[in-house]
Each structure stands twice: as C-alpha cells, then as structure tokens.
Amino acid sequence: MGVHVRTNRERWNEISDDYQRFNAPRIRGQAFTGAIAWGLWELPESELNILGDVAGLDVLEMGCGGSQWSTALARRGANPVGIDLSERQLLHSRRLQRETGLTFPLVQGSAESVPFADRSFHIVFADHGAFSFADPRRAIPESARILRPGGLLAFSHISPLYEITVEPGGDRAGRRLVRDYFGLRMFTDADGLVSANLPYGEWIGLFRSCGLTVEDLIETRPKADPNLTGRQRSDNSWARRWPSECIWRLRKTSG
Ligand SMILES: C[S@@+](CC[C@H](N)C(=O)[O-])C[C@H]1O[C@@H](n2cnc3c(N)ncnc32)[C@H](O)[C@@H]1O
C-alpha cells in the first residue's frame, strides 16, 4: 500500500463523522428515495442519464463512503457492491443498511488493487469517490480489468483547471493559474488528504491504454442562484464561468 493510500485511510477515518454530518442534507435523502444526483451541483441522474437503467446489473461503487449512492441503486434494482478504504466510512455504510434494510456486500480496500475477479461488473462508478484520491495510473487499469466487455466506467472529480487555480495551502479556486498544469498527479490538500488528478490529455491517454472509449465528458455548470451567500455564492459564480468538475462516461470497448 503506497504512502498516499495509508495517509488517506487515516485522514478519512478522522474526518468521516464530520463528513457524514456535514453532507447528510445533500446525500442522505437519495438512499431513501433512489433519486440520485451527481457532483458538487447535485445534477439529477434523471437529467444526465449517465448510468441509465441499472436494474439487474452488477455495480461497484469505488470509494462508497456511507453508501448513499449504492443504497439508492439497490432501490433501483441493481446488485451493488461498495468498496472503501476507510473502516469508519464503512461503519456509516453499515448503519445505513440497518436503517434502510437494504443490504449488499461492503469491502474494505483500495481502488488501486481491488479483490475482484476480471470482468465481474457491468458498471464501476464513483461520485467524487476513490478516483479523486487513488493514483489514476493504478485505479483506472483496475477498473477496466474488472469491467465486463461493453461495461461502463463513470466517475466525477474536481476539474484539472480548478486544481491549478488553488493557492498552495488554500482550499478554494481563484482567478489566476498558480500551480503547474503539467505537474498534476498526486498532491496534498490543505486538509491533509492526498488528492489525485491528471492533465486532460493524460486522462484520455490512460483511458485509451486500458481499452476505455470516452462516450462523454460532462463539465458541470450550476444554475445561477441569487439566494446563495458567502462561500457558496462565490463557488457558484466561479463555476458559472469555468468548469469546476468533470464527469467521465467511459465504455470498455477492448481488452
Ligand atoms: C468524498 S468521499 C465520497 C464518498 C461518496 N461518493 C459520497 O458521496 O459521500 C471519498 C471516499 O473515497 C474513499 N477513498 C479514498 N481513497 C480511496 C481508495 N484508494 N480506495 C477506495 N476508497 C478510497 C474515502 O475513504 C471516502 O469514503
């Protein structure tokens, strides 16, 4: 296990309770309604149609956290499996399973080396999950390996453009390019988590080398919201001008 994986496991164990409390208004409801929404701006799957009909499909959530997404997909008839690095996050997953009565396998492990056979899943996905923290040069080949031919890999993460506007030690996007674009790989954030990203061309080259075809890259843009204040207001106005996150939709077409 690499140093960044050990660091992230410790940090996620430390921040898990706060993360679940803080994000509950945004993510908890979907576990009970099945109405899932992607990313920072909560864009409904019903509009984006990234996963489509999941009934009867074997689905792996990479970095499932509290498993709100997997629970929603179970409600929609999928056979989910959740994998996460953090035992504390998986504790929240188990609590949700007790509350909802919807149970499915939960596995502790890293996206960089997953304990599943080749061609196990129809869909591998994450919403700001493991692909934001695992080394993409390991996590993407692993995902391709466990996908069935024709299977779908879909995930969201912070955009490379956003990352290079964050001042070292800062935690928000600015209006100047302050970091090296070509140096994007693994980097430590202000909160002590080690994040991952790549220049766009390297993402695409990596996908191609794993037999994954890009079907879509959605650069999300939130609606203008005059009711927002403070940090939320400035984040929204930044993301109205520039892409703050990416959602990739990839198809395993060879390999
Ligand atoms: C931002 S949380 C997102 C979880 C979930 N998608 C949500 O919306 O709450 C990211 C999750 O990825 C997990 N994670 C980080 N690195 C990982 C890795 N290498 N393998 C598996 N999970 C990882 C963390 O433990 C954390 O639960």
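Counting from 1, residues in each chain are numbered in the order their sequence is written. Local features in this predicted model are restricted to residues of pLDDT 70 or higher, and side-chain atom pairs are both shown and tallied only at a pLDDT of 80 or more, whereas totals for entire chains, interfaces and linings draw on every residue. Note: side-chain values were computed over all heavy atoms of the structure, leaving out hydrogens and water.

Draft legend 1. Quick peek at the sheet that holds strand 11 (residues 245–252). If DSSP finds at least two bridges between two strands, the strands pair. Runs of H or I in DSSP of at least four residues are treated as helices and runs of E of at least two as strands, each being numbered from the N terminus. One open sheet accounts for seven strands, arranged 5-4-3-6-7-11-10; its pairing is mixed. At either margin of the open sheet sits one strand with a lone partner, and together these are strand 5 (106–108) and strand 10 (212–219). Strand-to-strand twist in this sheet, taken as the mean axis angle between neighbours without regard to direction, amounts to 15°. The sheet contact formed by strand 3 (residues 58–62) and strand 6 (residues 121–127) spans three bridges and is parallel. When the sheet's bridge partners are listed, Val 59 is paired in strand 6 with Ile 123. Interaxial angle, 0 to 180 degrees, is taken between N-to-C directions of lines fitted to C-alpha atoms, where a helix line uses only the stretch in contact.

Draft legend 2. Representation of the packing of helix 1 (residues 3–33) against helix 4 (residues 87–100). Where helix 1 contacts helix 4, the axes come no closer than 8 Å and their chain directions differ by 30°. Taken together, helix 1 and helix 4 sit at an angle that is classed as roughly parallel. As helix 1 runs across helix 4, the sense of the crossing is right-handed. Here helix 1 contributes Arg 9, Trp 12, Asn 13, Ser 16, Asp 17, Tyr 19, Gln 20, Arg 28, Ala 31 and Phe 32 to the contact with helix 4, which in turn contributes Glu 87, Arg 88, Gln 89, His 92, Leu 96, Glu 99 and Thr 100. The class makeup of the residues in the contact of helix 1 with helix 4 is five nonpolar, six polar and six charged. What sets the label is the angle itself: under 35 degrees gives roughly parallel, over 145 gives roughly antiparallel, 65 to 115 gives roughly perpendicular, and the rest give oblique. Two helices that cross are described as forming a left-handed crossing if the nearer one is turned anticlockwise from the farther one by less than a right angle, and a right-handed crossing if clockwise. We call two residues in contact whenever any of their non-hydrogen atoms come within 4.5 Å of each other. Three residue categories are used. Nonpolar comprises Ala, Val, Leu, Ile, Met, Phe, Trp, Tyr, Cys and Pro, charged comprises Asp, Glu, Lys and Arg, and polar comprises the others, including Gly.

Draft legend 3. Quick peek at the side chain of Ser 156. Relative to the assigned elements, Ser 156 resides in strand 7 (residues 147–158). Of note is the side chain of Ser 156, whose polar atom sits 2.8 Å from the backbone nitrogen of His 128. Ignoring anything within four residues of it in the chain, the contact list for Ser 156 reads Trp 38, Ala 126, Asp 127, His 128, Gly 129, Ser 132, Cys 246 and Ile 247. Within 3.5 Å is the distance limit for a polar contact, defined as a pair of N or O atoms, with the added protein rule that one can donate a hydrogen and the other accept it, and that residues adjacent in sequence qualify only through two side-chain atoms.

Draft legend 4. Up close: unusual backbone geometry. Although it is not a glycine, Glu 42 adopts a positive phi angle of roughly 50°. Following the sequence through the fold, Glu 42 ends up in the loop between strand 1 (37–38) and strand 2 (43–44). Not every positive phi belongs to a glycine, and Ser 67 is a case in point at roughly 65°. Tracing the sequence through the fold places Ser 67 in the loop between strand 3 and helix 3 (68–75). A simple rule labels every residue: compare its accessible area, found with a 1.4 Å probe on the protein chains alone, to the largest value its type can have, and call it buried under 20%, exposed over 50%, or partly exposed in between. Given the relative accessible area of 1%, Ser 67 is considered buried.

Draft legend 5. View of the site of the ligand. Any residue with a heavy atom lying within 4 Å of a molecule or strand is counted as near it. Surrounding the ligand, one finds 20 residues, the nearest of these being Tyr 19, Asp 84, Gln 89, Ala 111 and Asp 127. Contact between the ligand and Asp 84: an oxygen atom at 2.6 Å from a side-chain N or O atom of the residue. Here a nitrogen atom of the ligand and a backbone polar atom of Ala 111 are 2.9 Å apart. Taking 600 Å² as the accessible area of the ligand by itself, protein coverage stands at 97%. Along the lines of polarity and charge, the residues of the shell around the ligand split into nine nonpolar, eight polar and three charged. To measure how exposed things are, a 1.4 Å probe is used in the Shrake-Rupley method; for residues, cover is taken only from the protein chains shown.

Draft legend 6. Looking closely at the packing of aromatic side chains. Think of it this way: a Phe, Tyr or Trp ring, Trp meaning its six-membered ring, pairs with another when their centres are within 6.5 Å, and the plane angle makes it stacked under 30 degrees, edge-to-face over 60, tilted otherwise. Tallied over the full model, the rule gives 14 aromatic pairs. Judged by centre distance (5.2 Å) and plane angle (85°), the rings of Trp 12 and Tyr 19 are edge-to-face. Relative accessible area serves as the criterion here: at 13%, Trp 12 is assigned to the buried category. An angle of 70° between the planes, with centres 4.9 Å apart, marks the rings of Phe 207 and Trp 248 as edge-to-face. Residue Phe 207 is located in helix 7 (residues 200–209), and its partner Trp 248 is located in strand 11; the two are separated by 41 residues in the primary sequence. Of the residues examined, Phe 207 reaches a relative accessible area of 0% and is grouped as buried. Judged by its relative accessible area of 1%, Trp 248 is buried.

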